[in-house]
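Commentary on secondary and tertiary structure
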Amino acid sequence: MTTLEYASSLLSNKYLMVLVVLLVSVLVSLRAYPVMILLVSRKRLMDTPVSRSMHTTRTPTLGGIIVFIIFTITLITMSLLLGLPRESLLDILAILAGTILLMSAGVKDDLIGISPKKKLIIQIFAAGVVVLITDLRITHGYGIFGLGELPYLISVLLTLFVFIVVINAFNLIDGLDGLAGTIGTITSAAFGAFYFLNDRTAMILVSFALIGALLGFLRYNLSRKRKIFMGDSGSMFVGFLLTYQAVSFLNYNTVATNSEALRHAPILAIAILSFPLLDTLRVFTIRIAQKRSPFSADRNHIHHRLLDMKFTHKKATMILGLLNISVILVAITISGLTINTQLCLLLFFMPLIYSSPWLITRKEGKIRLTVPQNIKKLIG
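Conventions and cut-offs
Per chain, residue numbering runs from 1 following the sequence as it is written. Since the coordinates come from a predicted model, pLDDT governs what is reported: local features require at least 70, and pairs of side-chain atoms require 80 or more to be given and counted, while whole-chain, interface and lining totals use all residues. Water and hydrogen atoms were dropped before computing side-chain values, which therefore reflect all heavy atoms in the structure. To qualify as a helix, a DSSP run of H or I must reach at least 4 residues; to qualify as a strand, a run of E must reach at least 2; elements of each kind are numbered from the N terminus. Only protein chains enter the area calculation, which uses a 1.4 Å probe; residues under 20% of their type maximum are buried, those over 50% are exposed, and those in between are partly exposed. It only takes one pair of heavy atoms within 4.5 Å for two residues to be counted as in contact. An axis is simply a line fitted to the C-alpha atoms; with a helix, the fit covers only the stretch in contact. Between two such axes, the angle follows the N-to-C directions and lies from 0 to 180 degrees. In this scheme, roughly parallel covers angles under 35 degrees and roughly antiparallel covers those over 145, while 65 to 115 is roughly perpendicular and the rest are oblique. For this scheme, ten residues count as nonpolar: Ala, Val, Leu, Ile, Met, Phe, Trp, Tyr, Cys and Pro. Four count as charged, namely Asp, Glu, Lys and Arg, and the remainder, Gly too, count as polar. For the purposes of this section, nonpolar cores are sets of buried Ala, Val, Leu, Ile, Met, Phe, Trp, Tyr and Cys residues that join through side-chain atoms within 4.5 Å. We define a salt bridge as a contact between a side-chain nitrogen of Lys or Arg and a carboxyl oxygen of Asp or Glu at a distance within 4 Å. Patch criteria: residues need more than 30% relative accessible area and no salt bridge. Like-charged residues are merged within 9 Å; nonpolar side chains of Val, Leu, Ile, Met, Phe, Trp and Tyr are merged within 5 Å. Accessible areas in this description were obtained via Shrake-Rupley with a 1.4 Å probe; residue shielding takes into account the shown protein chains only. For a helix, the expected span equals 1.5 Å multiplied by the number of residues minus one. At every residue, the bend is computed as the angle between two fitted axes, covering the seven residues ending there and the seven beginning there respectively. The predictor's confidence in any single residue is recorded as pLDDT, a number from 0 to 100. For this analysis, a ring pair means two rings from Phe, Tyr or Trp (six-membered ring only for Trp) whose centres lie within 6.5 Å, classed as stacked if their planes differ by under 30 degrees, edge-to-face if by over 60, and tilted for the remaining angles.

Considering the overall build of the protein chain
Counting its secondary structure elements, the protein chain contains 15 helices and four strands. Burial status across the protein chain gives 49% buried among its 380 residues. Residue pairs in contact within the protein chain that sit at least 24 positions apart in sequence constitute 71% of those at least 6 positions apart.

Right, here's the structure in full:
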């Protein structure tokens with residue numbers, strides 16, 4: 001037996017495989033980030049604070065490059081050690097091709113800026129690579145509003161649209177120390193747990209390689225002395241991978257082709273991605289109502305509200321992470337209901353759960369529950 005064959009047989013135990021993936025990515029992260037922080041500091045590739053910034057000092061950026069490098073090294077190494085079949089390797093190559101396109105746009109945006117139009121075009125190309133080459137598509141409507149199997153063109157366009165929405169939604173929440181990394185970790189862990197239970201080796205590697213890279217990033221993103229930001233390069237890259245996992249999750253659970261499919265898969269996917277989706281929808285609605293561009297900058301994000309309540313970055317991030325998990329648990333709890341009932345209930349509970357911290361006020365060192373004036377009027 002060769003060394004490669006021995007390693008492959010050893011890692012065939014999925015528990016050990018996940019442990020090795022996490023250890024490799026985290027340990028490499030702890031060595032790589034100090035080097036990147038030193039490099040960008042010496043080259044003055046720093047993020048300069050402006051009036052709406054969450055930080056007050058110039059901070060190294062381009063942390064997303066290290067997330068990408070660690071993810072790529074871990075994914076390729078483990079794929080070769082496990083001897084994945086040719087089809088899985090082609091899928092992984094398509095993922096890496098798409099992420100490289102996004103990284104090129106993100107790095108340029110972090111350093112010198114890039115127009116929203118060019119960024120959007122690159123996002124469409126990156127998503128198109130995996131959609132058209134690997135045929136990864138949302139192919140079924142799961143009975144939502146009576147929708148069944150989707151025509152090919154509609155399926156492709158819908159999948160591209162989902163990629164663009166989630167990539168940009170995730171990019172928009174990256175405004176608080178630890179927030180993007182924490183939400184990305186929770187989301188990837190939720191999808192990764194499903195892949196783990198269903199023995200989908202390639203997707204297990206994708207999910208947990210990303211988790212390990214993000215855990216290493218959080219160690220420095222939350223640091224006071226050696227802080228580094230993810231940047232657009234990182235947030236778009238992570239958003240792309242989370243979308244890929246979500247579409248793969250839906251594709252596997254398509255009721256038309258899989259007798260063991262989760263009938264509530266779309267509801268669960270929405271719940272897992274609920275925070276960036278809801279926050280973006282909320283912010284866009286406010287901006288449009290104020291007759292401003294939905295892409296204009298402001299302080300209307302949910303995390304801004306928590307900071308205004310005097311929560312620290314770490315506490316605000318922890319609260320939003322716990323709320324994201326709460327929404328996922330709600331989706332699991334109502335999974336026995338009809339798909340349209342689940343959707344209605346989720347759309348009701350999502351804003352309620354994420355707005356719950358606003359009902360809490362601090363007065364004289366005590367935390368109290370308050371009811372907003374509009375709700376008081378409603379209940380008399």
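Here the narrative resumes.
Things to note about the side chain of Thr139
Relative to the assigned elements, Thr139 resides in the loop between helix H5 (116-133) and helix H6 (152-172). Excluding anything up to four places from it in sequence, Thr139 contacts Gly148, Glu149, Leu150, Ser155, Asn251 and Thr254.

Examining the environment of Ile65
Note on placement: Ile65 falls in helix H3 (residues 63-82). Each C-alpha atom, one on Ile65 and one on Ser233, is 6.8 Å from the other, the two residues being 168 residues apart in sequence. Setting aside residues up to four positions removed in sequence, Ile65 forms contacts with Met36, Met103, Val107 and Ser233.

Side note on the packing of helix H10 (residues 265-272) against helix H13 (residues 313-333)
Between H10 and H13, whose axes approach to 8 Å, the crossing angle comes to 170°. Viewed along their axes, H10 and H13 adopt a mutual orientation that is roughly antiparallel. Listed contacts from H13 to Ile267, Leu268, Ala271 and Ile272 of H10 are Asn324, Val327, Ile328, Ala331 and Ile332. Among the residues forming the contact of H10 with H13, the class breakdown is eight nonpolar, one polar and no charged.

Considerations on the nonpolar core
Val67, Phe71, Phe163, Leu210, Phe237, Val238 and Phe249 are the most contacted members of the largest nonpolar core, which totals 106 residues. Looking at which element gives the most residues to this core, the answer is helix H8 (residues 201-221), with 13 residues. Phe71 has contacts with Leu96, Val206, Ala209, Leu210, Ala213, Phe237 and Leu241, leaving out every residue within four places of it along the chain.

Side note on the pattern of salt bridges
Enumeration over the complete set of coordinates arrives at five salt bridges. What you see here is one network of salt bridges that share partners, running through Asp109, Lys119 and Asp232.

Considerations on the environment of Thr201
Along the polypeptide, Thr201 turns up in helix H8. On the accessibility criterion, Thr201 (30% relative accessible area) is partly exposed. Spatially, the C-alpha atoms of Thr201 and Ser12 are 9.1 Å apart, while their sequence positions differ by 189 residues. In this structure Thr201 touches Met17, Leu82 and Leu84, once residues within four positions along its chain are discounted.

Things to note about a nonpolar patch on the surface
On the surface, a nonpolar cluster with roughly 570 Å² of combined accessible area is contributed by Leu132, Ile133, Tyr152, Leu153 and Leu157. Taken together, the elements giving at least two residues each to the nonpolar patch come down to H5 and H6. In this fold, Leu132 is placed in helix H5. Accessibility expressed as a relative area gives 55% for Leu132, which makes it exposed.

A word on helix H2 (residues 14-42)
Helix length check: H2 (29 residues) gives 42 Å between terminal C-alpha atoms against 42 Å at 1.5 Å per residue, within 8%. Its maximal kink placed at Leu30, H2 deviates by approximately 30°, while the proline Pro34 follows within four residues. When we look at burial in H2, the residues that qualify are Met17, Val18, Val21, Ser25, Ser29, Ala32, Tyr33, Met36, Ile37 and Val40. At the exit of H2 stands Arg44, carrying a positive phi of roughly 60°.

A short note on the confidence of the model for the protein chain
With 87% of its residues at a pLDDT of 70 or more, the protein chain has an overall mean of 84. For residues 371-380, every residue scores under 50 in pLDDT, and the model assigns this stretch two contacts once sequence neighbours within four places are set aside.

Observations regarding the packing of aromatic side chains
By the definition in use, this model includes twelve aromatic pairs. Considering the side-chain rings of Phe191 and Phe249, the 5.5 Å spacing of their centres and the 55° angle between planes classify their relative orientation as tilted. One end of the pair, Phe191, is in helix H7 (residues 179-197); the other, Phe249, is in helix H9 (residues 231-252), and 58 residues separate them in sequence. Using a relative accessible area of 1% as the deciding quantity, one classes Phe249 as buried. Between the aromatic rings of Phe194 and Phe249, the centroid separation amounts to 4.8 Å while the plane-to-plane angle is 85°, which identifies the pairing as edge-to-face. Taken together, the residues Phe194 in helix H7 and Phe249 in helix H9 connect sequence positions 55 residues apart. In this structure, Phe194 and Phe249 share a single accessibility class: buried.

Notes on unusual backbone geometry
Phi angles above zero are rare outside glycine, and Phe145 is one such case at about 55°. Overall, Phe145 belongs to the exposed group, its relative accessible area being 65%. Unusually for a residue other than glycine, Asp199 sits at a positive phi of about 55°. Looking at the element boundaries, Asp199 is found in the loop between H7 and H8.

Some words on the environment of Arg42
Take Arg42: it is sitting in helix H2. Note: C-alpha distance between Arg42 and Pro60 (18 residues apart in sequence) is 9.7 Å.

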